[in-house]
Amino acid sequence: MELKTQTIKELKQIVEKDYGVLLSDDEAKELGVSILKLTRLGLTALARADEKKNSPVVARVSCTLEQNTGE
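Fair warning: this is a prediction, and the values are worked out from it, not measured in the lab.

### Some points on the overall build of the protein chain
Within the protein chain, the secondary structure is distributed over three helices and zero strands. Out of the 71 residues in the protein chain, the part that is buried amounts to 11%. For the protein chain, the accessible surface area stands at approximately 6,600 Å², while carbon and sulfur atoms represent 55% of it.

This is the structure we're talking about:
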């Protein structure tokens, strides 16, 4: 996965400003790729959780037979 030069530069600036850490271009590139992979993993997990939540099987299990009186 390749990051644009401008993206690497911006990430280096953010890390320096927020954490006071100076990163080399290679370190920033590695960090940026890791962040993107972690984000993709998280989004995939959320999408799968949403699919399970909307599954008819789960919906049947999550329904209660109690009366909803609004009290």
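### Here we look at the nonpolar core
Judged by nonpolar contacts, Leu3, Ile8, Leu11, Val15, Leu23, Ala28 and Val33 together constitute the single largest core of seven residues. Within the residue set of this core, elements represented by two or more residues are helix H1 (5-19) and helix H2 (25-53). With near-sequence residues (within four places) excluded, leucine 11 lies in contact with Ala28, Leu31, Gly32 and Ile35.

### Describing the environment of lysine 12
Mapped onto the secondary structure, lysine 12 falls in helix H1. Judged by relative accessible area, lysine 12 falls into the partly exposed class, the value being 24%. For lysine 12 and leucine 23, which are eleven residues apart along the polypeptide, the C-alpha to C-alpha distance reads 6.0 Å. Of note is the side chain of lysine 12, whose polar atom sits 2.7 Å from the side chain of aspartate 25.

### Focus on the packing of H1 against H2
Taken N-terminus to C-terminus, the directions of H1 and H2 make an angle of 90°; their axes are 9 Å apart at the nearest point. Compared by their axis directions, H1 and H2 come out roughly perpendicular. Touching Ile8, Leu11, Lys12 and Val15 of H1 are Asp25, Ala28, Lys29, Leu31, Gly32 and Ile35, all from H2. Residues of the contact of H1 with H2, tallied by class, amount to six nonpolar, one polar and three charged.

### A look at the pattern of salt bridges
Where side chains of opposite charge bring their charged atoms close, a pairing between them can arise. All told, the structure shown has two salt bridges when counted by the stated rule. Note that glutamate 2 and lysine 29 form a salt bridge whose closest N and O atoms lie 3.6 Å from each other. Of this pair, glutamate 2 sits in the segment before H1 while lysine 29 is found in helix H2, placing the two residues 27 residues apart along the sequence. Since its relative accessible area comes to 65%, glutamate 2 is described here as exposed. The class for lysine 29 is partly exposed, based on a relative accessible area of 28%. The salt bridge partner of lysine 12 is aspartate 25, with a shortest N-O separation of 2.7 Å. Of this pair, lysine 12 sits in helix H1 while aspartate 25 is found in helix H2, placing the two residues 13 residues apart along the sequence.

Rules and cut-offs
Residues numbered from 1 in each chain as written. Predicted model: local features only at pLDDT ≥ 70, side-chain atom pairs only at ≥ 80, totals over all residues. Heavy atoms only, no water. Helix = DSSP H or I, 4+ residues; strand = E, 2+ residues; numbered from the N terminus. Buried < 20%, exposed > 50% of the residue type's maximum accessible area, 1.4 Å probe, protein only. Areas by Shrake-Rupley, 256 points an atom, 1.4 Å probe, with all protein chains shown as cover. Core = buried A, V, L, I, M, F, W, Y, C linked by side-chain atoms within 4.5 Å. Contact = heavy atoms within 4.5 Å. Polar contact = N/O pair within 3.5 Å; in protein donor to acceptor, adjacent residues only side chain to side chain. Axes fitted to C-alpha atoms, helices over the stretch in contact; angles between N-to-C directions. Parallel < 35°, antiparallel > 145°, perpendicular 65-115°, else oblique. Nonpolar A, V, L, I, M, F, W, Y, C, P; charged D, E, K, R; others polar. Salt bridge = Lys/Arg side-chain N within 4 Å of Asp/Glu carboxyl O.

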